[in-house]
Amino acid sequence: MKTHYGIYGGQYVAETLMTPLHELERAYADAKRDPAFAAEFKDILRHYVGRETPITFARRLSEHLGGARILLKREDLNHTGAHKVNNTVGQALLARRMGKRRLIAETGAGMHGVATATVAALFGLECEIYMGALDVERQAPNVERMKMLGAKVHAVEEGSATLKDAMNEAIRDWTANCDDTFYVIGTVAGPHPYPAMVRDFQSVIGREARRQCLREYGRLPDQAIACVGGGSNAMGLFAGFMRDMSVRLVGVEAGGRGLATGEHAASINGGRVGVLHGAKTYLLQTPSGQVIDTYSVSAGLDYPGVGPEHAYLADTKRAEYTVVDDAEAIAAFDALCRYEGIIPALESSHAVAEAIRRAPLLPQDAILLVNLSGRGDKDMHSVMEYRRRTAAEAK
Amino acid sequence: MNRIQQTFERCRREGKAAYVAYLTMGAPTLAKSLAAAETLIGEGADILELGVPFSDPVADGAVIRRAADAALKNGVTLADVLAEIPALRRRHPDTPLVIFTYYNVIFSYGLKRFADEAAACGVDAVLVVDLPLEERRELLDVLRPAGLTLVPLVAPTTGPERIRASAKGLEDSFLYAVTVKGTTGQRDAMPSELVARLGAIKALVDIPVVAGFGIRTPEEGAAVAAQCDGFVIGSALVERFMRQ
């Protein structure tokens, strides 16, 4: 299995974790060759997660913009409300195959935590979730959901008390308990084999969307657009179109209060190469190599690194990476609510915003395929808080 | 022979285990951690590991994390630590000095720039917690021409083949045997099991082996190191100097 993407990726971890990572790599390679593993994965995605998810033509929004047709890949319709569950089903199957009895995970917005707690219940495994104390506060309903599903939630008080600190703590737990514990990483970051494994489990998004596009619209999309925090929903979408050179791949990073303010989470556009959580990749860091606290209105994009394959796709220009700030994401959130009757996750709203920018510049037969990675029920509090704050600042 | 080899040679002659002392530089302040280094050498420390703080110390337990936090709040950088080393080196011409940190701190500084400056300051070796065998080539390629060596780590999960491979090509260094699965400052194995495991590691490699994680006093260290060459005290020292 490929361990690096150009200069990116690798396994920058403490020695204690190297043997568990090698075991994981072997188990995953073995599972990939086993038709029974693929069959069970597919069966659970169909009968439990509810796949395949449709693509929806955003007709009123497209007509309003007066350009390209915007299609939405509806990952928000998955069980648990986001794309995250595709990956947790795959990793839980692998954990069971390896004889592990306990799942641990980090979570930011809480969607990956909920998806991990969900599969832990489904497979009868113990589950502990690490979540930054700030996120525990911001995303209280998801904390309750995890507990309801039987998981124990640890509020991590250290550092910035957000996703990266939760991941630090999950890595420490795994280091101490690697014999019986499987670490379910929620994005295409972390040491090899996680970036490849998570991409593979999420690639169902892109493969389905490609098939659906050809079947229902008789052609491939012109552009495939997805938001990028760690980048799992984007890698999942891109994977389906990687060899279709006519399809532009567009990743959208969180611009927060704007790149110039320094308060953002745009690692590719605003960072430089570094090493965090086991991988070499673009990283938001100080001149002396300390990781910077990120900011975005969407907790799920609030991560200072990015999956190493994205770093590689950016350098090789196979994909392009843009930035959408809080205000534009909120405007796109509103537009999708009002024009289509769909409440998108704030993360996904960044991808919708990029489509809104691009659609008017393209002819009406062009197709923009947007990954609607999750639903926005979890974000009511964040959106109301944002409106309160901007109203106060305007006064 | 470099300073590390000379030190282990001297300890062997004196019939004692080498005492490796770890300090987080900049905690509670840079001046105090430098004073602590003097104190420790006075108390018989044979090798100093100078910890350079990183914002995301995934391999460290609570004590060293708190120290790293304090050092970062003081704004202590790798450049600041290197700047203090020439004076330390002049006062202690024979004590091996090891820069102990996470890879991003060095990578961000610039690998070659780091190697050249560290060598010029009088550093002997580098220990990078999150740089396993598979990834160390890039750093070794700049350390070697500068005359520096790398301290490899092995863990309880490391098998015999990998232990041999970790020590290979680092004949002028020593092997750091992490004695527990977990973070710094933890202790879970019984000393008797530990001693046997260290003896087994020692039999696999040609370089000195030191034991670390969870050792609190030189007496405890000497007992653990009965079948290897030395021991590391880290968290216990950091706790002591943070309290002062």
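Look above for the structure.
Residues numbered from 1 in each chain as written. Chains lettered and ligands numbered in written order. Predicted model: local features only at pLDDT ≥ 70, side-chain atom pairs only at ≥ 80, totals over all residues. Heavy atoms only, no water.

Asks: Looking at this model, I keep getting lost on the sheet that holds strand β3 (residues 55–57) of chain A. Mind explaining?
Replies: As a general point, the strands of a sheet are linked pairwise by backbone hydrogen bonds and lie either parallel or antiparallel. Residues and elements named next belong to chain A. Strand order in the open sheet formed by six strands is β3-β4-β14-β9-β10-β13, and the pairing between neighbours is mixed. Looking at the sheet topology across the chains shown, the edges are occupied by β3 and β13 (319–325). Direction aside, neighbouring strands of the sheet carry axes that sit 30° apart on average. Set on the sheet, helix α11 (residues 232–239) makes contact with β9 (223–228), β10 (248–256), β13 and β14 (367–372); between it and β9 the angle comes to about 160°. (Pairing = 2+ DSSP bridges. Helix = DSSP H or I, 4+ residues; strand = E, 2+ residues; numbered from the N terminus. Axes fitted to C-alpha atoms, helices over the stretch in contact; angles between N-to-C directions. Contact = heavy atoms within 4.5 Å.)

Asks: Help me understand the interface of chain A and chain B in this model?
Replies: Often the size quoted for an interface is simply the accessible area lost on bringing the parts together. Opposite the 36 residues of chain A that make contact, chain B presents 33 residues. Buried area between chain A and chain B, summed over both chains or domains, comes out near 2,700 Å², and the portion from carbon and sulfur atoms is 49%. In this structure, the connection of chain A to chain B is made through six salt bridges. Among the ionic pairs, K164 of chain A bridges to D56 of chain B, the shortest N-O distance being 2.9 Å. Counting the contacts that link chain A with chain B gives 25 residue pairs in polar contact (both at pLDDT 80 or more). Elements supplying a minimum of two residues to the side of chain A that touches chain B: β2 (8–12), α1 (18–33), α8 (163–177), β11 (272–276) and β12 (278–283) of chain A. (Buried area = accessible area lost by both parts, 1.4 Å probe. Salt bridge = Lys/Arg side-chain N within 4 Å of Asp/Glu carboxyl O. Polar contact = N/O pair within 3.5 Å; in protein donor to acceptor, adjacent residues only side chain to side chain.)

Asks: Would you explain the state of the cysteines in this entry?
Replies: Each disulfide is one covalent bond, formed between the sulfur atoms of two cysteines. Residue and element names in this part refer to chain A. This model, assessed by the stated rule, comprises zero disulfides over all chains. Note on C227: no disulfide assigned, nearest cysteine sulfur contributed by C337 at a separation of 16 Å. You can call C227 buried: its relative accessible area is 1%. (Disulfide = S-S within 2.5 Å. Buried < 20%, exposed > 50% of the residue type's maximum accessible area, 1.4 Å probe, protein only.)

Asks: Whenever I open this one, helix α8 (residues 160–167) of chain B confuses me. Can you help?
Replies: The complete set of buried residues in α8 of chain B reads R162, I163, S166 and A167 of chain B. Along the long axis of α8 of chain B, the arc covered by the buried residues comes to 135°, so they all point the same way. Considering only its buried residues, α8 of chain B is in contact with α1 of chain A together with β6 (153–154), β7 (175–178) and α9 (191–204) of chain B. With its phi angle positive at about 80°, G169 of chain B sits one or two positions after the end of α8 of chain B. (Arc of directions from axis to C-beta.)

Asks: I tried to follow empty space enclosed by the protein on my own but got confused; where do I start?
Replies: Vacant regions in the atomic arrangement are exposed by a probe of water-molecule size rolled over the atoms. Residue and element names in this part refer to chain A. Applying the stated criterion to the full structure yields 11 cavities of 30 Å³ or more. Taken together, 30 residues line the largest cavity, and the ones lying closest to its centre are H83, K84, G300, L301 and E347. Contributions of two or more residues to the lining of the largest cavity are made by β5 (102–107), α5 (111–123), α8 and α11. Residues that form the lining of the largest cavity fall into these classes: 10 nonpolar, 16 polar and four charged. (1 Å grid on protein atoms, 1.4 Å probe; cavity = no way out; pocket = protein on both sides within 12 Å on 5 of 7 lines; lining within 4 Å. Points joined across faces, edges and corners; volume = space filled by probe spheres on them. Nonpolar A, V, L, I, M, F, W, Y, C, P; charged D, E, K, R; others polar.)

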